[in-house]
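Below are the chains, spelled out letter by letter.
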Amino acid sequence: MDLEARSLQPNVKAVLLAKLREYKSDLNNLKSEHKRLASANSNQAARDDLLESGMADAMSVSANQRGRLMMSTERLNESSDRIKESRRTMLETEELGVSILQDLHQQRQSLLHANDTLHGVDDNISKSKKILTNMSRRMSRNKWIISSIIVVLVVAIALILYFKLSK
């Protein structure tokens, strides 16, 4: 068919060669599938022979495997229980940690507020100290002024008496 298609006109030749390639690929696919199915049937027969001969051994092995499976299942259940308990403990610990962090945050806020208040008090004490120092200076100055006035008045009275008595 390939030779006949090649000997035809170019416009028909291209179409026929494309169909021919498609048919060849379909044929190859069918051949490979046939081989696969044939080998599967032979494998199935061999498998059936093995299963029949090993059925007696399977019964004794089955009981042993069943026992091991039960023990494995029991261990798995115990592990699951431990994991659940660990998870519960982890959640409780996480809640406790969150609670502690909240308490620490509140204490930090309190300390910051106390620090701000302390700085305010410190500023007020500094202002009060300046005011008291100024008041002390004024009081000392006023004492000197009053003392000076008293001395001047005493001197003036003494002079007045001296002039009055000396005449």
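Computed from a predicted structure; not experimentally measured. (Residues numbered from 1 in each chain as written. Predicted model: local features only at pLDDT ≥ 70, side-chain atom pairs only at ≥ 80, totals over all residues. Heavy atoms only, no water.)

Before going further, it helps to spend a moment on the overall build of the protein. Each helix and strand counted, the protein has 3 helices and 0 strands in total. Each helix (α) and strand (β) of the protein, taken in turn from the N terminus, gives the series α-α-α. Counting every position in the protein, which comprises 167 residues, the buried fraction comes to 2%. Accessible area for the protein stands at about 15,600 Å²; split by element, carbon and sulfur atoms hold 62% of it. (Helix = DSSP H or I, 4+ residues; strand = E, 2+ residues; numbered from the N terminus. Buried < 20%, exposed > 50% of the residue type's maximum accessible area, 1.4 Å probe, protein only. Areas by Shrake-Rupley, 256 points an atom, 1.4 Å probe, with all protein chains shown as cover.)

On inspection of all chains with the given rule, the structure shows 2 salt bridges. The closest approach of N and O atoms between E92 and R88, which form a salt bridge, is 2.4 Å. On the criterion of helical spacing, the pair formed by E92 and R88 is a turn pair, its members being 4 residues apart in helix α3 (residues 55-165). R88 gets classed as partly exposed once you look at its relative accessible area, which sits at 39%. When salt bridges that share partners are traced, they join E85, R88 and E92 into one network. (Salt bridge = Lys/Arg side-chain N within 4 Å of Asp/Glu carboxyl O.)

With that settled, the discussion passes to the confidence of the model for the protein. Across the protein, pLDDT averages 85, with 84% of residues at or above 70. Here helix α1 (residues 2-6) stands out as the least confident element of the protein, with mean pLDDT 66; α3 is the most confident, with 91. (pLDDT = per-residue confidence, 0-100.)

With that settled, consider a nonpolar patch on the surface. Residues I145, I149, L153, I157, L161 and L165 make up a contiguous nonpolar surface patch of roughly 610 Å² in combined accessible area. Of the residues examined, I149 reaches a relative accessible area of 45% and is grouped as partly exposed. (Patch = residues over 30% accessible without salt bridge, like charges linked within 9 Å, V, L, I, M, F, W, Y side chains within 5 Å.)

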